[in-house]
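One-letter residues, chain by chain:
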Amino acid sequence: MEDNSSCSSVVTGLSQVSFLQRTLERLSSTQCLKVNTEEAATVAVIALQRYLSEQTQGQQPDSYSYDVTVTDGVWRAKCYVHPGLNHLVHTNILRTGTDISITQCSFVYNERRLRHGYICIEKLRCGVERSALLPAINDVNSLPMLVKHGMERSVELQSNVPLQVSRKHYLSLWHNEDPEGDIWTSGSHSSDTVLDVSKITLLSSLESCFRNTWKPLPLLVKIIHKSRLRYYGKFGLKIDYPYQAYFEVADQSGTMSLVLWNELCPEFYQRLSVGTVLYIQNYTLKQSYSNRSHPQMDHHRMKTFNSVEICLNPRNPTSIITVLSPKSVLPQWGLPEVSYQFITRSELDKLSNNSGCDVIGLVTFVGRVERVKSKGNKGPEKFWTHRWIHAVDGTSDRPFILEVFSSSQPEVFSHICPMTYLVCTQMRVCQVEGSLPYLTSSCETETFITGYHKGQPYVSDPRVKSFIQWTKTLKDNVVLQKTAVGGHYCYPRPPLKFTQSMADSSAHVPLVAAADLKKELETLQYREHKKVAIQGQIASVRYMKNPKTTESGGTDEKEVPDVSTDVCEQAEPDAHNHPSTAEQILVASLTAETTSARGRKRKILTRRLKDTEEGQQQEEEESDSGSEDAQDVECGRQLQNQNSDIISWESSSWPKQRQEMSEHLCQGGLYRDSVSRRFTFDQKNVLLQRSNLQPTRWTPELSSDTIPPVVFPGYYQVTILGINKQIAVDAAYFPVVSSDEPRAVGLPQDPHGNTMLSCLSSGFLSPLSDTANHSESTLPQPEEVLGTASELEDTHVVCILDLCHLGGDEVEVLINKVYRVTEVSLD
């Protein structure tokens, strides 16, 4: 154990009482505490919460802070995560439902607040996939919260607010648009107050009042559109609840925008719905903000007043908002009915690009939730979360293809699943050349699923009633055969020709250097999706047969080296798993490298030349001796080939190029979360848990039997050598083979010769099989496809890659499309 005058080590036997309690006691007499590896007790992570950091000297202006709540089975303790460990959260290594060992911590007093302080975790070791401690605890929430003596009255330590006292609320863990925490009021809380409507003003008169000092009279309006929340917090902003939400409201004279500001958002946002009637007093008017989106409202056939907007503020003046109960709303008030513009799937192809519409459909496919970094954001780093959905309505043999972004309705967004009735309002049409049109969310989109339709104004719409009648003709077992959840999904397909714009680099998929691709892989965050292009040549292709995926995450102890504030080291695979020899060498070299190198950044898996040569030689020896089948690598769940006889091709120049290049990025391969699974009602909760983002609070992980993939005969592992032949990258390519797959929808299916290059270019094997119509095409065998790979020899190509961080050390690198150089142009 290290000697340090300011540190004290925990004595043996601490965990026999309570590791957390004894640790807190020891921190009373020392500046920081180091715990011996042999003596460190395991604690389980039960909550992980995010908020905007306090501005401190030397801190990056776009950072967030994290509080983690842990338990040793006796106490709970809310601790502050040292900023140097934030990357563990960004990559979902430090997450709820796992065990960690705290190896260094300190106690931090707040110098501006009496009797307030907290434990700061400075170093830790990450545990296994699932916690071994949590299953033994009957009720985590019943455990007492550990607080330092004398600080029992600290609100921050006892309640759901950040430890950093300058922040008053938590944010959603993975993005900023969802309500998070107990401060957000839900429920109706409507009033049956009798109103004197003779003393109100109409919206049509507000524009003339704007420039006058005359105080406007109360308003009586109905909400006809609602936007998602906007969080605008940033360093230096002296506002406790920096939120904003737009509503479109209407009375008998027309419509106008209304803005809910700051503290009023937690109080009212979830109480205000489309169709709600409001009596508003003490509002202000301001000139409308021009640089914002607006809902499409032509179908309302009402006059729109765009020059001013109504502002509701928590102070100066304090707005008074009365939410009226539906039974107290009188017809003589003349408030308009909420109207919609529902379309059927058969009508979609005729709509112009960017048209607005509402849709209802039966969900058949739900993709995993992914994150996209907001471009051009001047404030703190910001992500959007979205998922792809297919829904049918019986008017076409093609589904709606929906790109649904989070709409500040987390309880709905996270529970969208096949066999539910889905309503999406204010969607926008995206017409794409060469692909089927799809619909994407707008700022005013709201989503509703089965269980949330009651009381919504659209239930009386004729199109909705017609859809409900159609669903009564369906049989569940027939529809279930066409359902799927999760897996890689990207739409629309890249165009037939790759165009690099010299004037606007943001308009197309960026063409990146191989070194930049490495940086992209290193900086990718959890479930972040990026699309990039890289030019070079295909050096080798290996076909990996369909593995037997082990669906249950193991609970065996798997120790990870200390993770300090400046280094993150990866776990070794379990001894009873059998990765390829090259991977064994890779993991061994990586572990040795990281355990001896404090202060280095998190590194993506890279394979050095020596490792590659040794791995190849040993793999050949194993193949000759007929070694046993390789198994899945449980620590990464990377899908491996089952048989030792590997079907492969490599360029004749690859052995020499491999010796001369400097680095090989080995992300290639498929993971469990890369493949769509068939939906069943029995496994509904398991599938939802996997396809959603890691939750901020622990809930018991659901175990399951093996859930079969929709269709997955195998995949190709492709090695792409950069144009300068210095860096190579492995990427997985798994072609669409059946029309049953979600990825087949909207895929151009022009016949091709099933050569290796034509498959990589088209994305599918021709022709697709169709089990629904009992059309089982004879697809080419991998040996046949690889038999044509010689045309790749020294061929200059541009590869479109989909990158997605799946959590931990799983970074998905998939080939979307390969272009010949003759299919590339400059714009």
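Higher on the page you've got the structure.
The structure presented is a predicted model; accordingly, all values stated were derived computationally and were not measured.

Cut-offs and rules
- Residues numbered from 1 in each chain as written.
- Predicted model: local features only at pLDDT ≥ 70, side-chain atom pairs only at ≥ 80, totals over all residues.
- Heavy atoms only, no water.
- Phe/Tyr/Trp six-rings, centres within 6.5 Å; stacked < 30°, edge-to-face > 60°.
- Helix = DSSP H or I, 4+ residues; strand = E, 2+ residues; numbered from the N terminus.
- Buried < 20%, exposed > 50% of the residue type's maximum accessible area, 1.4 Å probe, protein only.
- Contact = heavy atoms within 4.5 Å.
- Polar contact = N/O pair within 3.5 Å; in protein donor to acceptor, adjacent residues only side chain to side chain.
- Arc of directions from axis to C-beta.
- Pairing = 2+ DSSP bridges.
- Core = buried A, V, L, I, M, F, W, Y, C linked by side-chain atoms within 4.5 Å.

**A word on the packing of aromatic side chains**
Part 1 of the argument: Evaluated as defined, the whole model comprises 26 aromatic pairs.
Part 2 of the argument: On the basis of an interplanar angle of 50° and a centroid distance of 5.7 Å, the ring pair of Phe498 and Tyr819 is categorised as tilted. Of this pair, Phe498 sits in strand 24 (residues 498-500) while Tyr819 is found in strand 36 (residues 810-820), placing the two residues 321 residues apart along the sequence. Each member of the pair, Phe498 as well as Tyr819, is classed as buried.

**Some thoughts on unusual backbone geometry**
Part 1 of the argument: A cis amide bond, omega -5°, links Asn316 with the succeeding residue Pro317.
Part 2 of the argument: Residue Pro492 follows Tyr491 across a cis peptide bond; omega there is -5°.
Part 3 of the argument: Summarising the element assignment, Pro492 is placed in the loop between strand 23 (484-485) and strand 24.
Part 4 of the argument: Despite not being glycine, Met419 shows a phi value in the positive range, around 75°.
Part 5 of the argument: On the basis of relative accessibility, which here comes to 15%, the residue Met419 falls in the buried class.
Part 6 of the argument: Unusually for a residue other than glycine, Arg527 sits at a positive phi of about 60°.
Part 7 of the argument: Topologically, Arg527 is positioned in the loop between helix 10 (514-523) and strand 25 (529-545).

**Topic: the environment of Arg167**
Part 1 of the argument: Structurally, the position occupied by Arg167 is in the loop between helix 3 (155-158) and helix 4 (206-209).
Part 2 of the argument: Overall, the relative accessible area of 17% leaves Arg167 in the buried class.
Part 3 of the argument: Along the primary structure Arg167 and Ile239 are separated by 72 residues, whereas in three dimensions their C-alpha atoms are 9.4 Å apart.
Part 4 of the argument: What Arg167 contacts, discounting residues up to four positions off in sequence, is Tyr51, Leu52, Ser53, Glu54, Pro162 and Phe235.
Part 5 of the argument: At a separation of 2.9 Å, a polar atom in the side chain of Arg167 contacts the main-chain carbonyl oxygen of Leu52.
Part 6 of the argument: Looking at Arg167, its side chain comes within polar contact range of the main-chain oxygen of Ser53, at 2.7 Å.

**Notes on the side chain of Ser674**
Part 1 of the argument: With respect to the helices and strands, the residue Ser674 is situated in the loop between strand 30 (670-671) and helix 14 (684-691).
Part 2 of the argument: For Ser674, a relative accessible area of 1% puts it in the buried group.
Part 3 of the argument: Not counting chain neighbours up to four residues away, the residues in contact with Ser674 comprise Arg368, Gly487, His488, Phe734, Leu806 and Glu812.

**Comments concerning helix 1 (residues 19-27)**
Part 1 of the argument: Every buried residue of helix 1 is accounted for by Phe19, Leu20, Thr23, Leu24 and Leu27. All buried residues of helix 1 fall inside an arc of 130° around its axis, so they share one side.
Part 2 of the argument: Its buried side turned inward, helix 1 meets strand 2 (32-34), strand 3 (42-52), strand 4 (64-71), strand 5 (76-81), strand 6 (99-109) and strand 7 (117-126).

**Things to note about the pairing of strand 36**
Part 1 of the argument: Most of strand 36 is tucked away, with 10 of its 11 residues classed as buried.
Part 2 of the argument: In the sheet, strand 35 (residues 797-807) pairs with strand 36 via 10 bridges, with the strands oriented antiparallel. Among the inter-strand pairings, Cys804 is bridged to a residue of strand 36, identified as Glu812.
Part 3 of the argument: Connecting strand 35 to the antiparallel partner strand 36 that follows it, the hairpin turn spans two residues, and Gly808 within it adopts a positive phi of roughly 65°.

**Brief notes about the nonpolar core**
Part 1 of the argument: With 94 residues, the main nonpolar core has Leu260, Ile310 and Leu402 as its most contacted residues.
Part 2 of the argument: If we ignore the near neighbours within four places in the chain, the residues touching Ile310 are Leu203, Leu206, Leu219, Val249, Met256, Ser257, Leu258, Val259, Tyr283, Thr284 and Leu285.

**Looking at the side chain of Asn313**
Part 1 of the argument: Mapped onto the fold, Asn313 is located in the loop between strand 14 (304-312) and strand 15 (320-324).
Part 2 of the argument: Judged by its relative accessible area of 17%, Asn313 is buried.
Part 3 of the argument: A polar atom in the side chain of Asn313 sits 3.4 Å from the side chain of Thr284.
Part 4 of the argument: If sequence neighbours within four positions are ignored, Asn313 has contacts with Trp261, Leu264, Thr284, Thr318 and Ser319.

Functional significance is not addressed by these values, which are geometric in nature.
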